[in-house]
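Each chain, written out:
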Amino acid sequence: MSLRNNGRLSRREILKALSLCAAGSATLGPLLTGCRDALNTPEALERLGGLRRDRLDGKPRFLIVVGAAGGASIVDSLLAVRASEAGANASRLNTFADAQVQNVEGSPFRAVKVNSARLGNIPQPVNTDQLPFVSKHKDSMLVATTVGTSVNHVIAQKRSLTGNAAWRGRTLQECVALQYGASFPIPNVNMAMGGYSERGTDHSLPSYCYGEVVSNASLWPLGLDGSKGIKDAPPRDVVELARSTRNRLDSRSVFGRTFENAAALQRWNEQRIVGQPALEAKELINRLNVLPDQPPKTPLSEYGLSSSPDGERLRALFPDYLTDPVQGQAALAFLLLKYRVSVTVTLGPSFNVAVGGQNGLIANPPLAFDFSHTEHRAGQAFMWARVMGVVDKLIELLKAEPFDETSGESLWDRTLIYVATEFGRTRSRPNDATEFSSGHELNNGVVMLSPMLEGNTVLGGMDPLTTLTYGFDPRTGAPEPGKVTSNEPDIFSGVLTALGVNTSGSGLPDASAFVRT
């Protein structure tokens, strides 16, 4: 399986040359949340890792992280191996019958299709045909092989977002929020679990860069206004008068005067006095609300509320949004980007069983991808179908949504989806077994999708005799057979490079191979 090696100048080298001819910085947006004045000076931003220069056009780009919790195995999807390719080892390795691994026309990717009405102990049909998804999105899809550094779920999940503390412990989401999110109400929204939901360890960042944790995507928007949705609430002007009085009394209290210079109190006051009214002015309690106005179950109008203008089509695309958390998260992720609330959103399945839909079917097996400990083939097939299904719907929504009225771009043109998984799965199996268990394995690969990526590309490769992946040069994309050392910083740098994040002073590896030329 192949990659590119064209010997071109790296993006970093080109940008360095251009910077000698011209210099500029992005205009920082209005103050909405966090104590930003002191931190948004050129000097402070230089200390944080470089001046804010949005790539090329000064417009934001967006990152969606999908946490494939439990260990999404790349050899059960885009880099699957046929039994005939593995020689004498085929019956003892995680290979597939030749007919179950489909070629993707004009692509280095592969697609698995296991013909079975039921898989293992999952008591319902599973759509195992990956070919439609891969064929549809191959030109914007990149697979990069990886070797991690932990097989602990929470630790490895976090390292998939920090590149194993590749840049002062910042997460990818925090880097994107710092680069593009200053003018956004809630730049970084995180709906994921475990290590995927943790913040980084760089405490020098502006507070708005850190993730806003959301536990229930379908109900969270109802908390974005302090008085709307309360039956018989006083008029807004009366509420504002009460708030103004409260603020004056708080500032004159013994507590307020004693701790007026405390950073935590200053941040709280700014969020309450400046940030909250800014959120309310955007009508997010209605714009982000997927729930229908449907008395008596959800009588929104009775409480002065309404469903999002996009609610009807989102409910059609994600009919189980109330019972399947990932569907609810995907719907909210789209709305957060569309209404310019966030520049980065994180979602993904949890380890909890979810039963969704009118037919009472399982939406999420126990332990998500880690169900592979019991049923490897069934768990991987079920969860890959789940991830590919939600990613496909998100892409279609983003493609149909204009970015602005002048450029002709869609939101998808400026978005990158990173399917982050903590590790792979062990490759051994009993002789010719079609159902078997697997453990945690550092060797794996990750999937990214974006028009900004070098699409239809595999960085690295696969040794079919072992079913282990090998590495690549992150600058040129050249394969490096036999390279199995950790490359978490390469993946981290590749995502940021594709998104145009300024990494000057970070010490990150040059990851030009990820970017579309």
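Refer to the structure presented above.
The present account deals with the structure reproduced in this document. (Residues numbered from 1 in each chain as written. Predicted model: local features only at pLDDT ≥ 70, side-chain atom pairs only at ≥ 80, totals over all residues. Heavy atoms only, no water.)

1. Quick word on the overall build of the protein
Item 1. In terms of regular secondary structure, the protein is built from 13 helices and 17 strands.
Item 2. When the 517 residues of the protein are sorted by exposure, 55% land in the buried category.
Item 3. Roughly 21,100 Å² of accessible area belongs to the protein as shown, and the carbon and sulfur atoms make up 55% of that amount. (Helix = DSSP H or I, 4+ residues; strand = E, 2+ residues; numbered from the N terminus. Buried < 20%, exposed > 50% of the residue type's maximum accessible area, 1.4 Å probe, protein only. Areas by Shrake-Rupley, 256 points an atom, 1.4 Å probe, with all protein chains shown as cover.)

2. Observations concerning the sheet that holds strand β10 (residues 415-420)
Item 1. On the basis of which strands lie adjacent, the open sheet formed by 8 strands has the order β6-β5-β7-β1-β10-β13-β4-β14 and mixed pairing. The sheet is open, and its two edges are formed by β6 (212-213) and β14 (457-459), each paired on a single side.
Item 2. Direction of pairing for strand β4 (residues 141-147) relative to strand β13 (residues 443-449): antiparallel, over a ladder of 7 bridges. Paired with Ala144 across the bridge in β13 is Val446. (Pairing = 2+ DSSP bridges.)

3. Some details on the sheet that holds strand β17 (residues 479-480)
Item 1. The strand order β15-β16-β17 describes an open sheet built from 3 strands, whose pairing is antiparallel. Both outer strands of the open sheet, β15 (461-463) and β17, are each paired with one neighbouring strand and no more.
Item 2. The sheet contact formed by strand β16 (residues 468-472) and β17 spans 2 bridges and is antiparallel. By the bridge assignment for β17, Phe472 is matched with Pro479.

4. Remarks on the state of the cysteines
Item 1. For the structure shown, the criterion picks out 0 disulfides.
Item 2. The thiol sulfur of Cys175 is not disulfide-bonded, and the nearest other cysteine sulfur, from Cys209, lies at 8.6 Å. (Disulfide = S-S within 2.5 Å.)

5. Quick look at the environment of Leu411
Item 1. Inspection of the secondary structure puts Leu411 in the loop between α12 (376-399) and β10.
Item 2. When the C-alpha atoms of Leu411 and Glu401 are compared, they prove to be 5.7 Å apart, with 10 residues separating the residues in sequence.
Item 3. Leu411 has contacts with Phe62, Leu337, Lys338, Arg340, Leu398, Glu401, Pro402 and Phe403, leaving out every residue within four places of it along the chain. (Contact = heavy atoms within 4.5 Å.)

6. Comments concerning the pattern of salt bridges
Item 1. In total, this model carries 23 salt bridges according to the counting rule given.
Item 2. For Glu85, the salt bridge goes to Arg110, with nearest N and O atoms at 2.7 Å. Taken as a pair, Glu85 in the loop between β1 (62-67) and β2 (101-103) and Arg110 in strand β3 (residues 110-112) lie far apart in primary sequence, 25 residues in all.
Item 3. Judged by relative accessible area, Glu85 falls into the partly exposed class, the value being 27%. (Salt bridge = Lys/Arg side-chain N within 4 Å of Asp/Glu carboxyl O.)

7. Considerations on empty space enclosed by the protein
Item 1. Going through the model one piece at a time under the given rule, you end up with 7 cavities of 30 Å³ or more.
Item 2. In this structure, the largest cavity encloses a volume near 180 Å³.
Item 3. If you go around the largest cavity, you meet 19 residues; those closest to its centre are Thr146, Ser160, Thr421, Val446 and Glu488.
Item 4. For the lining of the largest cavity, the class distribution of residues is 9 nonpolar, 7 polar and 3 charged. (1 Å grid on protein atoms, 1.4 Å probe; cavity = no way out; pocket = protein on both sides within 12 Å on 5 of 7 lines; lining within 4 Å. Points joined across faces, edges and corners; volume = space filled by probe spheres on them. Nonpolar A, V, L, I, M, F, W, Y, C, P; charged D, E, K, R; others polar.)

8. Things to note about the pairing of β16
Item 1. Within β16, 4 of the 5 residues are buried, which leaves it mostly tucked inside the rest of the structure.
Item 2. Bridge analysis of β15 against β16 gives 3 bridges, and the strand direction is antiparallel. What sits directly across from Asp463, in β16, is Leu468.
Item 3. From the end of β15 to the start of β16, which pair antiparallel, there are 4 residues, and Thr467 there has a positive phi angle of about 60°.
Item 4. With antiparallel pairing between neighbouring strands as the criterion, β16 and β17 make up a hairpin whose turn holds 6 residues, including Gly477 at a positive phi of roughly 85°.

9. Quick look at the nonpolar core
Item 1. Leu288, Tyr418 and Phe514 are the most contacted members of the largest nonpolar core, which totals 108 residues.
Item 2. Apart from residues lying up to four places away in sequence, Leu288 is in contact with Trp220, Pro221, Leu224, Ser308, Leu332, Leu335, Leu336, Tyr339 and Val341.
Item 3. With 7 residues, the next largest nonpolar core counts Ala177, Ala182, Tyr208 and Tyr210 among its residues. (Core = buried A, V, L, I, M, F, W, Y, C linked by side-chain atoms within 4.5 Å.)

10. A short note on the packing of helix α6 (residues 236-252) against helix α8 (residues 263-281)
Item 1. Interhelical geometry of α6 versus α8 gives an angle of 165° and a closest axis separation of 12 Å. Comparing the axis directions of α6 and α8 gives the class roughly antiparallel. In this structure, α6 meets α8 at a crossing whose hand is right-handed. Contacts between α6 and α8 pair Arg236, Glu240, Arg243, Arg246, Asn247 and Asp250 from the former with Arg272, Ile273, Gln276 and Glu280 from the latter. (Axes fitted to C-alpha atoms, helices over the stretch in contact; angles between N-to-C directions. Parallel < 35°, antiparallel > 145°, perpendicular 65-115°, else oblique. Left-handed = near helix turned anticlockwise from the far one by under 90°.)

11. Describing the side chain of His153
Item 1. Note that His153 resides in helix α4 (residues 153-162).
Item 2. When its relative accessible area of 15% is taken as the criterion, His153 is described as buried.
Item 3. Side-chain polar atoms of His153 contact the side chain of Glu422, separated by 2.8 Å.
Item 4. When residues no more than four places from it in sequence are discounted, the contact partners of His153 are Gly70, Phe351, Asp370, Glu422, Phe423 and His440. (Polar contact = N/O pair within 3.5 Å; in protein donor to acceptor, adjacent residues only side chain to side chain.)

12. Looking at helix α13 (residues 488-498)
Item 1. Among the 11 residues that make up α13, 10 are buried, leaving the element largely enclosed by the rest of the structure.
Item 2. Residues of α13 that are buried include every one of Glu488, Asp490, Ile491, Phe492, Ser493, Gly494, Val495, Leu496, Thr497 and Ala498, and no others.
Item 3. The first or second residue beyond α13 is Gly500, which carries a positive phi of 75°.

13. Details of the packing of aromatic side chains
Item 1. The tally for this structure, following the rule as stated, stands at 5 aromatic pairs.
Item 2. Taking 6.5 Å as the distance between ring centres and 70° as the angle between the ring planes, the aromatic pair formed by Phe62 and Phe184 counts as edge-to-face. Of this pair, Phe62 sits in strand β1 while Phe184 sits in the loop between α5 (172-180) and β5 (188-190); the two residues are 122 residues apart in sequence, bridging distant segments of the chain. The same class applies to Phe62 and to Phe184, which are both buried. (Phe/Tyr/Trp six-rings, centres within 6.5 Å; stacked < 30°, edge-to-face > 60°.)

14. What to know about α8
Item 1. Its 19 residues give α8 an end-to-end C-alpha distance of 26 Å, which sits within 8% of 27 Å, the value for a rise of 1.5 Å per residue.
Item 2. At Gly275, α8 is bent by approximately 35°, the largest bend along its length, and proline Pro277 sits one to four residues beyond.
Item 3. Turning to α8, its buried residues are Leu265, Glu270, Arg272, Gly275, Ala278, Leu279 and Glu280.
Item 4. At the C-terminal side of α8, Glu283 shows a positive phi close to 55°. (Expected span 1.5 Å × (residues − 1). Bend = angle between axes of the 7 residues up to and from the residue.)

15. Observations concerning the packing of α5 against α13
Item 1. Contact geometry of α5 with α13 gives a least axis separation of 11 Å together with a crossing angle of 25°. One finds that α5 runs roughly parallel with respect to α13. Taken as a pair, α5 and α13 cross one another with a handedness that is right-handed. On the side of α5, the interface is formed by Leu172, Cys175 and Val176, while α13 contributes Phe492, Val495 and Leu496.

Honestly, it's all geometry; don't read function into it.
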